[in-house]
Amino acid sequence: MAKLTADSVVRTFFHPAWTKPVFSVSGETENRPDLRTLHLLAQAVDRALAQAGLSPGALRTMHVGVCLGTTVGCQFCTVLNDLRPTPAYGRFLETGTADPQEGADFLSRNPAEWIAHWLGLPEDAPAVCVTNACSSGSDAIGVASFWIRNGCCDLVIAGGCDSLSAIPYSGFSALGVYSDDPCKPFAEDRDGLTLGEGAGILILETAESLRVRGISRSLAVLGYGSNCDAYHLTAPDPSGDGLRRAVLSALTEAGVSPSQITAINPHGTATRDNDAVEQQVLGELFPASRILPTKDKTGHTLGAAGAIEAVFAAELARDGGTVLSTSLAFGGSNAALVIGSADLPRTPRTGGYAPADTPYEKPTPGKATPRRASGFAKLAVEGVCQAAQEIPEGIARTRVGLILATSFGAHRETFAFADELLEAPELPPSPLRFSHTVHNAAAAYATIAAGIHGPCLTLCAFRNVRERAEELARCWIDNGFADAVVVGQVDEVSSPLVCFVPTLENVVQFAVIARR
Amino acid sequence: MNRDELKRQLKEFIIERLSLESVTPESIDDDAPLFGDGLQLDSLDAVEIIVILQRKFHCDVKQIKKGSEIFRSINALADFIESQQHSEP
């Protein structure tokens, strides 16, 4: 078999704009700019299920979960379409009120919950989005691998989705990191990222479920690592420590050594700082591996990127390779996945994942909140710093994690940013405000303020999101992924949301789950 | 607009957009460095200041490079804004 290259993989497996549905896709999302993310997603899910030999009927006899990465849980396209407000948001701006049906629609557009509903899964099926900005897709597959491991699901539909939107386009342009030409990952003359759109889906299934269905498994997610920089809202830590820890965690879980990694699909956004850190860390750990960036061909698909690239990694692993895929994000999130043959000889893991470093130090109570933090982020900082007082002594700071659950996330910042774009479309909007539109900006401020350097996720769903976050935190502890996890929910009331969801109240509730 | 008025406006926009809550326009020294020791701003604040120059002072910022001299102080920013206003037809 001919060796697959990044080029041939992208040509075969990436379908820009997904204009032609292959299988049966419901007509509801067709030609609806405000539902474009869901439209891209539905087509990818449809293809993935068909390839896995699964029908919606078969899914109803199994315990199925949905875990998807996306940037802002579909809020971008529910607010703006190009540079015009969507009909629902336009009516709100004009009248200060929203139609109850529009409120119900808004609440039904979390991509994971929407897919669960679309497939007719039961109400209690786990369905959450990971909103870790540009590492969301990788992290969603990592969460799915925990759901498979802890027995809560037979099968998980895992991946990510994002459509093009004026919001990230204007935001990245204002930050001065946008290239209108196709981006040039790792090139000396790279000058920024170029956006794309799409969705990527992997079907993760337990060995038992595959046996019952009479299917032999060839590939597996062998390892996942997540680690946060706790350094800066938008800039990566130049030392690369967070990325290095995420990669080493994924390798440790996979039970493979760096020399067994045959190829790497890096994040490679072609921004100066991101590529420099990635090049340094990957070059040092994997001097002999092929590094195959793909964003020059797909564009940066944000919350979908890690998932689309995990699909590429899986295809690259089909000829017997063991492939690493890395993601870095706003908020200092780093994620790594190792994908390879399910039969690969592996060294069983002993001890913890990330290498231990300096002991965790609790934040000083009542310390001033970070200067630039938005209202939503300030709520998170206060809640996390208070809960962090309960973290047991003697735990390394890289083994303290954070899982922040939210139903509405940083919607106030998204609305404010959209209003600024609408006010003067010809002028650049505030890059600071843009960097606060990602839900995980709150988690970033919280990790910096509380000194948390371990795995860090922001989960977004309208139903049971705090319960899902707590289950995942317990699973992290049981599996040695972290020794203590601050876990809880933050939600903030704002005027557009009060119109959509009149019963909403501020929620700030955090606790610590720790190894006994 | 005279130079003092321009500098006062510039400081007010910077304080508001960069959430410098404990700072007043009077407390910012016109020659003090904005980055590092002075106001302790960083690169994310720098791109925000570039947008303030565009949105509030209608400057053309294409020529501004990372680490540019114009970010040295309030006086340096005011020089840049004035040079742009003088070059207008």
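Relevant structure appears above.
Below or above, wherever it landed, is the structure these notes cover. (Residues numbered from 1 in each chain as written. Chains lettered and ligands numbered in written order. Predicted model: local features only at pLDDT ≥ 70, side-chain atom pairs only at ≥ 80, totals over all residues.)

**Structural notes on the pairing of strand β1 (residues 64–69) of chain A**
The side chains of a regular strand alternate between the sheet's two faces.
Residues and elements named next belong to chain A.
Part 1 of the reasoning: The element β1 is extensively covered by neighbouring structure, given that six of its six residues are classed as buried.
Part 2 of the reasoning: Side chains V64, V66 and L68 project from β1 onto one buried face, and the interleaved G65, C67 and G69 project onto a second face that is buried too.
Part 3 of the reasoning: With six bridges connecting them, β1 and strand β5 (residues 155–162) associate as parallel partners. Looking at the pairing, C67 lines up with A158 of β5.
Part 4 of the reasoning: Sheet topology places β1 next to strand β4 (residues 127–130); four bridges connect them, and they run parallel. Considered in β4, the bridge of V66 is made with A127. (Buried ≥ 20, exposed ≤ 12 C-beta atoms within 10 Å, placed from the backbone. Helix = DSSP H or I, 4+ residues; strand = E, 2+ residues; numbered from the N terminus. Pairing = 2+ DSSP bridges.)

**Considering the sheet that holds strand β9 (residues 290–291) of chain A**
Residue and element names in this part refer to chain A.
Part 1 of the reasoning: If you trace the five strands from one edge of the open sheet to the other, you get β7-β11-β10-β8-β9, paired in mixed fashion. At either margin of the open sheet sits one strand with a lone partner, and together these are β7 (219–228) and β9.
Part 2 of the reasoning: Direction of pairing for strand β8 (residues 263–265) relative to β9: parallel, over a ladder of two bridges. In the sheet register, I264 faces β9, and the bridge partner there is I291.

**Some remarks on the interface of chain A and chain B**
Part 1 of the reasoning: Between chain A and chain B, the residue contacts involve 14 residues of the former and nine residues of the latter.
Part 2 of the reasoning: Looking at the side of chain A that touches chain B, the elements that each hand over two or more residues are α9 (166–175) and α17 (431–435) of chain A.
Part 3 of the reasoning: Per-element accounting of the side of chain A that touches chain B gives the leading share, three residues, to α17(A).
Part 4 of the reasoning: Considering only residue class, the side of chain A that touches chain B consists of eight nonpolar, four polar and two charged. (Contact = placed C-beta atoms within 7 Å. Nonpolar A, V, L, I, M, F, W, Y, C, P; charged D, E, K, R; others polar.)

**Concerning helix α2 (residues 43–57) of chain B**
Residues and elements named next belong to chain B.
Part 1 of the reasoning: Here α2 contains 15 residues, and its C-alpha end-to-end distance of 20 Å stays within 8% of the 21 Å for a straight helix at 1.5 Å per residue.
Part 2 of the reasoning: Every buried residue belonging to α2 is among D45, V47, E48, I49, I50, V51, I52, L53 and F57, and all of these are buried.
Part 3 of the reasoning: Positioned one or two residues after α2, H58 has a phi angle of 50°, which is positive. (Expected span 1.5 Å × (residues − 1).)

**Section: the pairing of strand β13 (residues 456–460) of chain A**
Residues and elements named next belong to chain A.
Part 1 of the reasoning: Burial of β13 is extensive: five of the five residues sit out of reach of the surface.
Part 2 of the reasoning: Bridging between β4 and β13 involves two bridges; their strand directions are antiparallel. By the bridge assignment for β13, C129 is matched with C460.
Part 3 of the reasoning: Where strand β12 (residues 400–406) lies against β13, five bridges are found, and the strand directions are parallel. Following the sheet pairing, A405 is matched in β13 by L459.

**A short note on the packing of helix α11 (residues 241–254) of chain A against helix α12 (residues 272–285) of chain A**
Residue and element names in this part refer to chain A.
Part 1 of the reasoning: Remark: α11 packs on α12, axes separated minimally by 9 Å, with the N-to-C direction vectors making an angle of 40°. When the interaxial angle is binned, α11 and α12 end up oblique. Our pair here, α11 against α12, has a crossing hand that is right-handed. Contacts between α11 and α12 involve L243, R244 and V247 from the first element and V277, E278, V281 and L285 from the second.
Part 2 of the reasoning: Residues that form the contact of α11 with α12 fall into these classes: five nonpolar, no polar and two charged. (Axes fitted to C-alpha atoms, helices over the stretch in contact; angles between N-to-C directions. Parallel < 35°, antiparallel > 145°, perpendicular 65-115°, else oblique. Left-handed = near helix turned anticlockwise from the far one by under 90°.)

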